[in-house]
Each structure stands twice: as C-alpha cells, then as structure tokens.
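Spelled out from the first residue to the last, the chains are:
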Amino acid sequence: MCLFFNLQMASFRHKPSKRIEGLDKNVWVAFTSVAADPSIVNLGQGFPDIPPPQYIKEGLAKAAAVDQMNQYTRGFGHPSLVKALSQVYGMVYGRDIDRFKEILVTVGAYGSLFSTMQALVDEGDEVIIIEPFYDCYVPMVQMAGAKPILISLRLKPTKSTNISSGDWVLDPDELASKFSPKTKAIIINTPNNPLGKIFNREELQMIADLCIKHDTLCFSDEVYEWLVYKGHQHIKIASLPGMWDRTITIGSAGKTFGVTGWKIGWSIGPEHLIKHLQTVMQNILYTCPTPLQEAVAQGFQRELKLMDDPDCYFYSLPRELQGKRDRIAQILRSAGMTPVVPEGGYFMIVDVSALNVDLSHMRDDEPYDYKFVKWMIKEKKLAAIPVTAFCGDASKPQFEKYIRFCFIKQDGTLDAAEEILKNWNKDTSV
C-alpha cells in the first residue's frame, strides 16, 4: 500500500507544468531527424550550406585568442556589440539609439522573442498573430499565459501562375475585428517566414494605426531584414509615427551573417520596454558568449563603413540569393508545381496541388502537406517543411497543399534538387 501510494505521488509530482501542456510536438524535431540521412537532399530546415563571410569567421578566431574574451561579458550585451548595433540601426532608424538602455542582446532571436513575451505579456492577455507565422510564436504566447488570436494572410484572386508573396494580403476589416480591450500586442514578421512577404508601407501603416488606436504593443520579428530582393523595400514599423514607443524589433546575427549556429540575437526598442526584457534576461540566461558577440560586433563595424557601397554584404548576399531564388522557382514550375516567389528571406512556399499525388494510403490524422513531405522524403529523397506547421487548425485547409523549400544552398545542393525534380514523374511510387 505504501509503495502504491508513493508511486501515485511520484506520478503526480512528475507531471509537466500546465504552461507546456500540448506544446511537445515540434516540426523541426520531427522532420530534421527524418531528413538526416545523407542521401536526402535537404531543402527543409532553414540553415545555409553556403559559407559565411571569411571575415566573420576570422573575427571569431581572433576574439577567442584573447584571454579576456573567453570570460563573462556585460549581461545585456557585449559593449562593442551594442555599440555597433546602435550605430548601424541608428542610421537605419534615423535616430540616436542608447546602446545600454535601448538594446538587449540575447541567445538568438528565440531568446529575444521569449524575453519579450515573458516581460510584456501576462495571463489573460490576447496577442494577435498573422498566419502563416513562425512556429514558436504560439507556444511562447501560451507559455506566458496569454491567448493567441490568429488572422490569416490570404491569396488575392488571380488566374496567373506567376504568384508573388506580395499577392498574400490581410483583410483590413478582419484585422480590425481582432483587436479588443484584451489585446496586449500584435506580432508581425517581415520579411515573413515561410511566405517571404515584405509588408509594404500601406500595410504597416494600417497595423500601426490600429496599434495606436487600441494602445497595443507591436513585436516585430525582422530577422530577414537585409534579405530583400530587387524592386522591394524593407520598412521598419518602429520608424512610423507613434510606433517607436510601443515596438520591440527583433534581429539576428545568424540570419544577417549566415551563422545560425552562433545563436546571437537582439531586441531594440524604447527604454521603458527594453528594461523589462533585461529583467527577464538577467534571471534566465544572464549573458551570451563573449567571443561570438565580439566577432559579430567586428562584422557590423566592417559593414557599417560600406553601408553606401553596393559591395556591402547586406546588399551583395540578396543579389546572390536572388539568382538562387529564380532558379529554384523555374525548376519547381518545370516539375508541375506553383511557387510563390518571395520578396525577401530565403524560403519559398510551393503549391503542390497540380501534382495530384494520392496519399490516401497514409495516416488520416495528419494534414496533406505533412503526408506529402514524408512521402517525398521517402520516395524522392528530397526534404521540405509542411506549411501547416506555420498556422492554426482553422487555417490548415487553406495551407495544406503548400510545402516550404529553403534555397540558401550551395549550387551543388540545388543541382541535386534539380535532378530529382527533373525526374519527378519517373518511377513514382505511392
């Protein structure tokens, strides 16, 4: 009896906290492991297999060679990095940014998002999230005790097969209806992952007007801010009138310099908001790796001198990627798919409806895109990510015929993908 009681108590004590209930499934865990086979061409997870700039790697080696750089640094951001960030973004915003009070350096953009949610979102709040969204937004809102309020971008009616991410738009009346007295914040992601949409000035102004009207905060995830293709412009919502004082803007060294494994991110915003994020940071992680921050700082200082030069890495990388984007779009069209050509970022979602792949023999409890990607990995040796991982249940029918490819890849990787797609209709097994 005593043993039974102890087992019962152990079972009770070992239960997870309510804040993580239902959050155990993760698309990256599921598909990264499936695509780990080296025989599979992986255009799924969003990491570059092209090398980062040589100077950024050399900067890390030099930093690590300095003994003091291998010790703790300032908890809210290494002094040389927050200085560089204040200089670069001071130019971008056209305003002075206090390096110590208006910037927080974190462990990746994930760390910035988590610190933002924990610092500024409370139980009973509502947070508006635009679909398709990066998959961590909803869990982070829920862990803060708040309710995600979802609204979907929708494809404008068109007969054309030449579809751009800019053809996906918000309905102004629907967006306005999502705001309520409980709305604490809206999360925007521009350029958007997975869609590649860059919100234009008119769209950002519509969001800004609603934020001001309802005294709502804005959390702007702009990690792909430099990856903007010809003919498009990235505008920071915090630069619009009345928005600096209510906006946290999130950036990433991993996306800026192609070093996703370094996990260095930052939040920029007004002191009265950033100070609360700093409180979270000092009580969960305290600080970030010193040599990595120093290397990123040196990288920014180098590019700061080239901001008016076409050879600046912030401009040369998107030129290189635009060729890869256009190439993969053409390959996908040739295979019978309909790509949504992104205005920014390094992802492309693709409509696979026209392929008419019959997957009725597979599990019925998963959306079509999940089954399609699993089938494609097994039968075609090509990996992607299902787009319904980036939306709520109600929107899954809208997105389940789309999959996401990543094209920040070496030409050899894209060559291998092209070979698979050229032979798509040969020896298909379902």
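Numbers given for residues are sequential positions, taken from 1 along each chain in its written order. Totals for whole chains, interfaces and linings use every residue, but because this is a predicted model, local features are given only for residues with pLDDT of at least 70 and side-chain atom pairs only at 80 or more, for both listing and counting. In computing side-chain properties, one takes all heavy atoms of the structure into account and sets aside hydrogens as well as water.

Examining the pattern of salt bridges
So the rule is basically this: Whenever Lys or Arg places a side-chain nitrogen within 4 Å of a carboxyl oxygen from Asp or Glu, that contact is recorded as a salt bridge. The buried label goes to any residue with under 20% of its type's maximum accessible area, the exposed label to any with over 50%, and the partly exposed label to all in between, with areas taken from a 1.4 Å probe on protein chains only.
Enumeration according to the criterion identifies 14 salt bridges in this entry. For Glu303, the salt bridge is made with Arg302, and the minimal N-O distance between the two is 2.8 Å. The class of Arg302 is partly exposed, set by a relative accessible area of 39%. Between Lys374 and Glu366 there is a salt bridge, and its shortest N-O distance comes to 2.7 Å. Exposure remark for Lys374: the relative accessible area of 30% places this residue in the partly exposed category. Put simply, Arg327, Asp415, Glu418 and Lys422 are held in one network by salt bridges that share partners.

Focus: unusual backbone geometry
Filter applied, for reference: The numbering of helices and of strands both runs from the N terminus, where a helix is a DSSP run of H or I of at least 4 residues and a strand a run of E of at least 2.
Glu131 connects to Pro132 through a cis peptide bond whose omega is -5°. On the secondary structure map, Pro132 appears in the loop between strand 3 (126-131) and helix 6 (137-143). Cis geometry marks the peptide bond from Asn193 to Pro194; its omega dihedral reads 25°. Relative to the helices and strands, Pro194 is located in the loop between strand 8 (183-189) and helix 8 (201-213). Of note, Tyr286 is a non-glycine position whose phi angle comes to about 70°, a positive value.

Keep in mind that these numbers describe shape and distance, not what the molecule does.
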